[in-house]
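# Survey of secondary and tertiary structure
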There are 2 protein chains.
Amino acid sequence: MARAGLTMDRLARAGAELADEVGFEQVTVSALARRFDVKVASLYSHLKSSHDLKTKIAMLALEELADRAGEALAGRAGKDALTALANVYRDYARQHPGRYAAAQFRLDPKSAAASAGGRHAQMTRAILRGYDLTEPDQTHAVRLLGSVFHGYVSLEMGGGFSHSAPDTEETWTRVLDALDALLRNWPAP
Amino acid sequence: MARAGLTMDRLARAGAELADEVGFEQVTVSALARRFDVKVASLYSHLKSSHDLKTKIAMLALEELADRAGEALAGRAGKDALTALANVYRDYARQHPGRYAAAQFRLDPKSAAASAGGRHAQMTRAILRGYDLTEPDQTHAVRLLGSVFHGYVSLEMGGGFSHSAPDTEETWTRVLDALDALLRNWPAP
DNA sequence: GCGGGTTTCCTAAATCTATTAGGAAGATGC
DNA sequence: GCATCTTCCTAATAGATTTAGGAAACCCGC
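Remember, predicted model here, so these are calculated numbers, not experimental data.

Before going further, it helps to examine the side chain of Thr168(B). Assignment of secondary structure puts Thr168(B) in helix α9 (residues 168-184). Taking the relative accessible area as the measure of exposure, Thr168(B) reaches 17% and is therefore buried. The residues touching Thr168(B), leaving out its near neighbours within four places in the chain, are Arg143(A), Arg90(B), Tyr152(B), Glu156(B) and Phe161(B).

A few words now on the interface of chain B and chain A. At the interface, 37 residues of chain B touch 37 residues of chain A. Summing both partners gives a buried area of about 2,900 Å² for chain B against chain A, and 62% of it is carried by carbon and sulfur. For the chain B face of the interface with chain A, the top three residues by lost area are His140(B), Arg143(B) and Arg174(B), together amounting to 25%. At the junction of chain B with chain A, the criterion picks out two salt bridges. When the shortest N-O distance is used, the salt bridge between Asp137(B) and Arg174(A) registers 3.0 Å. At the junction of chain B with chain A, the criterion picks out 20 residue pairs in polar contact (both at pLDDT 80 or more). Listing elements by their share of the side of chain B that touches chain A, those giving two or more residues are α8 (137-157) and α9 of chain B. The dominant element in the side of chain B that touches chain A, judged by the number of residues it contributes, is α8(B), at 14 residues. Looking at the side of chain B that touches chain A residue by residue, the classes come out as 17 nonpolar, twelve polar and eight charged.

In this numbering, the UniProt entry assigns the feature "DNA-binding region" (unreviewed entry) to residues 28-47 of chain A. Taken end to end, residues 28-47 of chain A has its terminal C-alpha atoms 12 Å apart, with 35% of it in helix and 0% in strand.

Turning to the nonpolar core, a few remarks are in order. As a rule of thumb, soluble globular proteins bury nonpolar side chains together. Counting residues in each nonpolar core, the largest one holds 129 residues, and the members touching the most others are Leu128(A), Phe149(A), Leu179(A), Leu128(B), Phe149(B) and Leu179(B). Once you skip the residues sitting within four places of it in the chain, Leu179(B) turns out to touch Leu82(B), Leu144(B), Leu145(B), Val148(B) and Phe149(B).

All names here are of chain B. If you trace the backbone, Ala 84 turns up in helix α4 (residues 78-95). Of the residues examined, Ala 84 reaches a relative accessible area of 12% and is grouped as buried. Distance from Ala 84 to Ala 69, taken between C-alpha atoms, is 8.0 Å for residues 15 residues apart in sequence.

Attention now goes to helix α1 (residues 8-22) of chain B. Side chains three or four residues apart in an α-helix point the same way, a direct result of the helix having 3.6 residues per turn. Residues and elements named next belong to chain B. For α1, built from 15 residues, the straight-helix expectation of 21 Å at 1.5 Å per residue is met to within 8% by its first-to-last C-alpha distance of 20 Å. Taken as a whole, α1 has its buried residues at Met 8, Leu 11, Ala 12, Ala 14, Gly 15, Ala 16, Leu 18 and Ala 19. Considering only its buried residues, α1 is in contact with α2 (29-36), α3 (50-73) and α5 (97-103). In the stretch just after α1, Gly 23 is the one whose phi turns positive, near 100°.

Let us now look at the protein's contact with DNA strand C. As a matter of local geometry, DNA strand C sits amid 22 residues, with Arg3(A), Ala4(A), Ser42(A), Thr28(B) and Ser50(B) nearest to it. By atom count, sugar and phosphate contribute 69% of the portion of DNA strand C lying within 4 Å of the protein. At 2.3 Å from a phosphate oxygen of DNA strand C is found a side-chain nitrogen or oxygen belonging to Ser42(A). At a separation of 2.9 Å, a phosphate oxygen of DNA strand C approaches a polar side-chain atom of His46(A). Sorting elements by how many residues they give to the surface near DNA strand C places α2(B) first, with three residues. For the surface near DNA strand C, the per-class residue count stands at ten nonpolar, eight polar and four charged.

How each quantity is defined
Residue numbering note: each chain is counted from 1, following its sequence as written. Chains carry letters from A onward and ligands carry numbers from 1 onward, assigned in written order. Reporting in this predicted model follows two pLDDT cut-offs: at least 70 for local features of residues, and 80 or more for side-chain atom pairs to be given and counted; totals over whole chains, interfaces and linings ignore these cut-offs and use all residues. As a rule here, side-chain values cover all heavy atoms of the structure and leave hydrogens and water aside. A run of H or I in DSSP becomes a helix once it reaches four residues, and a run of E becomes a strand once it reaches two; helices and strands are each numbered from the N terminus. To sort residues, take the accessible area from a 1.4 Å probe on protein chains only and compare it with the maximum for the residue type: under 20% means buried, over 50% means exposed, and anything in between is partly exposed. Note on contacts: a residue pair qualifies if any of its non-hydrogen atoms lie within 4.5 Å across the two residues. Accessible-area loss on putting two parts together, using a 1.4 Å probe and summing over both, is the definition of buried area adopted here. Any Lys or Arg side-chain nitrogen found within 4 Å of a carboxyl oxygen on Asp or Glu counts as a salt bridge. Any pair of nitrogen or oxygen atoms within 3.5 Å is treated as a polar contact; in protein, a donor-acceptor pairing is required on top of that, and neighbouring residues in sequence qualify only through side-chain atoms on both sides. Gly is put with the polar residues, along with every residue not named as nonpolar or charged; the nonpolar set is Ala, Val, Leu, Ile, Met, Phe, Trp, Tyr, Cys and Pro, and the charged set is Asp, Glu, Lys and Arg. UniProt positions are given in the numbering used here, feature names are shortened, and annotations may be inferred rather than shown by experiment. By nonpolar core we mean a set of buried residues, namely Ala, Val, Leu, Ile, Met, Phe, Trp, Tyr and Cys, connected to one another through side-chain atoms within 4.5 Å. By this rule, a helix spans an expected 1.5 Å times one less than how many residues it contains. Nearness here has a simple test: a residue counts as near a molecule or strand if at least one of its heavy atoms is within 4 Å of that partner.

So this is what it looks like as structure tokens:
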């Protein structure tokens, strides 16, 4: 029997593609086996469970996203950096909806620690260097930014912003303007 | 054979309870049948599919949430209203994580139109009456608030804010302070 | 280049979920 | 009390997950 040359890495990568095509929810060990033209049971030499597969796809997406964010942030500061990072998340979600959904997958503590999650927090924090915030306000602001990025992207993609005017493109730029203004003028406790 | 007295409504209600207990993802027609001590096929006299069940649970959650929001908003304005509404979402998510996840379920356009989704948008908009915003900034602000509420709650519940200091309670109040400040001082385009 | 050990893939089988078809018993209305 | 509709059932199909155990392919040292 010729071997298919499967590895965990290739499975995660193919799983990510599959997620973009049919949605992260629909990523299944069976579908993946089909894609490699291999019997389902064969995949269990490479992954422990369906949950394990999803975890690996999630971690791949988090890495990709962190890489993009790192690139986007290089050489930028202040509002420029804010906009760049925000757009990385939004663009990634639009280009790779399945992967973006995967990045939202709830990881167990061990996987979370090994994931690129920490890099994301660090990069959001890096943005704030361009603003005049000290702890604990810096952490508050990091959490606010994370909330807005994630919340906006997920509502927009879920159709939560309906179809009405003004368009979401305009809102996005105005929201980033507003965040910039807020960070420059963070209220005292 | 004695009848179990199933109705779509009771199924949705029981499904919501089940979601809170085991997670919305794990809500299954089979599990629901078990809970009513009835054969799986019997449920198909009341619902079209598993997806249909999830839709009904989502709409139930959206109604409950809108009812709570409506109560919380009565007689309040300005920052008081902002805080009240924000806390409704957060508290609901904590008390009923499965239902809250259900409320995030992506509805088809017909169900979405029949859902309480519109009431939610209206209530967020109502908050802004206490601030000096006109269109299209009002819509931008509605979307920002929705993003923050949803994003914060979902990151917090997903463990995205780790466990480090400062605690998320403090961040939450400071984020609401910041939003209030931002709305009172919305930047010109 | 050959024998042994490991890895990868297979067949087979159990279990769970979703869904449909068709039947029988309970409820309802006249 | 009969006809009809509804609700629940049995039976069956199909797909997903997961485990057990086997055989061929690959790799390593000799």
